[in-house]
Amino acid sequence: QVQLVESGGGLVQAGGSLRLSCAASGSMFSIDVMGWYRQAPGKQRELVAHITSGGITNYADSVKGRFTISRDNAKNTVYLQMNSLKPEDTAVYYCNADIRRFSFSFGYGYWGQGTQVTVSS
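In short, a report on the structure. (Residues numbered from 1 in each chain as written. Predicted model: local features only at pLDDT ≥ 70, side-chain atom pairs only at ≥ 80, totals over all residues. Heavy atoms only, no water.)

1. Let's talk about the packing of aromatic side chains
For the structure on display, the rule yields three aromatic pairs. Aromatic pair Phe102 and Phe104: ring centres 5.3 Å apart, planes at 5°, arrangement stacked. The class for Phe102 is partly exposed, based on a relative accessible area of 39%. On the basis of relative accessibility, which here comes to 69%, the residue Phe104 falls in the exposed class. The interplanar angle of 75° and the centroid separation of 4.9 Å between the aromatic rings of Tyr108 and Tyr110 together place this pair among those described as edge-to-face. The aromatic ring of Tyr79 is capped on one face by Arg19, whose charged end is 4.1 Å from the ring centroid. (Phe/Tyr/Trp six-rings, centres within 6.5 Å; stacked < 30°, edge-to-face > 60°. Buried < 20%, exposed > 50% of the residue type's maximum accessible area, 1.4 Å probe, protein only. Lys NZ or Arg CZ within 6 Å of the ring centre and 35° of its normal.)

Here is the structure:
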């Protein structure tokens, strides 16, 4: 069974920084894209950033220049460094990973349980 476990959320003042981590564990053949999504109250879940196994990154326009996504393939872990945080970044942040359980299987998108990020003004 595959699990994604997130950590690093919390309460921070505007202009501050937080670093989120998400570790994948369990029986896996490979992990392709890993990413972070967020969902604010009353809004749809949206992509924040994602990174391929080769290190190619993509960011939402709202976080470009402030957030940095990275990953450690040896540890099956993805990180999100969030700087210059704004109150509008307040949301539950979810980790997502496209994981192949076996060499012959297709990838499947797994989700973490979510971690709350609150930015006070």
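2. Quick notes on the environment of Tyr59
Note on placement: Tyr59 falls in strand S6 (residues 57-59). According to the relative accessible area criterion, Tyr59 is buried, its value standing at 19%. Between the C-alpha atoms of Tyr59 and Thr118, which are 59 residues apart in sequence, the distance is 20 Å. Side-chain polar atoms of Tyr59 contact the backbone nitrogen of Ile69, separated by 2.9 Å. (Helix = DSSP H or I, 4+ residues; strand = E, 2+ residues; numbered from the N terminus. Polar contact = N/O pair within 3.5 Å; in protein donor to acceptor, adjacent residues only side chain to side chain.)

3. Describing the state of the cysteines
As enumerated under the stated definition, the model contains one disulfide in all. The disulfide partner of Cys22 is Cys95, and the S-S distance across this bridge is 2.1 Å. Handedness of the Cys22-Cys95 disulfide follows from its S-S torsion of about -80°: it is left-handed. Note that Cys22 is positioned in strand S3 (residues 18-25) and Cys95 in strand S9 (residues 91-100), a separation of 73 residues in sequence. (Disulfide = S-S within 2.5 Å.)

4. Thoughts on the environment of Asn73
Locating Asn73 in the fold gives a position in the loop between strand S7 (67-72) and strand S8 (77-82). Expressed as a C-alpha distance, the spacing of Asn73 and Ile31, which sit 42 residues apart in the sequence, is 8.4 Å. Reaching out from Asn73, the side chain makes a polar contact with the side chain of Arg71 at a distance of 2.6 Å.

5. Focus: the pairing of S3
As paired strands, strand S1 (residues 3-7) and S3 are joined by five bridges and run antiparallel to one another. Along S3, the bridge assignment pairs Val5 with Ala23. As paired strands, S3 and S8 are joined by six bridges and run antiparallel to one another. Paired with Leu18 across the two strands is Met82, which belongs to S8. (Pairing = 2+ DSSP bridges.)

6. Some thoughts on the pairing of S9
Of all ten residues making up S9, seven are buried, and the element is well covered by its neighbours. Bridge count between strand S4 (residues 30-39) and S9: eight bridges; the pairing is antiparallel. By the bridge assignment for S9, Ile31 is matched with Ile99. As judged from the three bridges shared by S9 and strand S11 (residues 115-120), these two strands associate in the antiparallel manner. Bridge pairing links Ala91 to Val117 in S11. Sheet topology places S9 next to strand S10 (residues 108-111); four bridges connect them, and they run antiparallel. Residue Asn96 lies in a different strand from S10, and its bridge partner there is Trp111.

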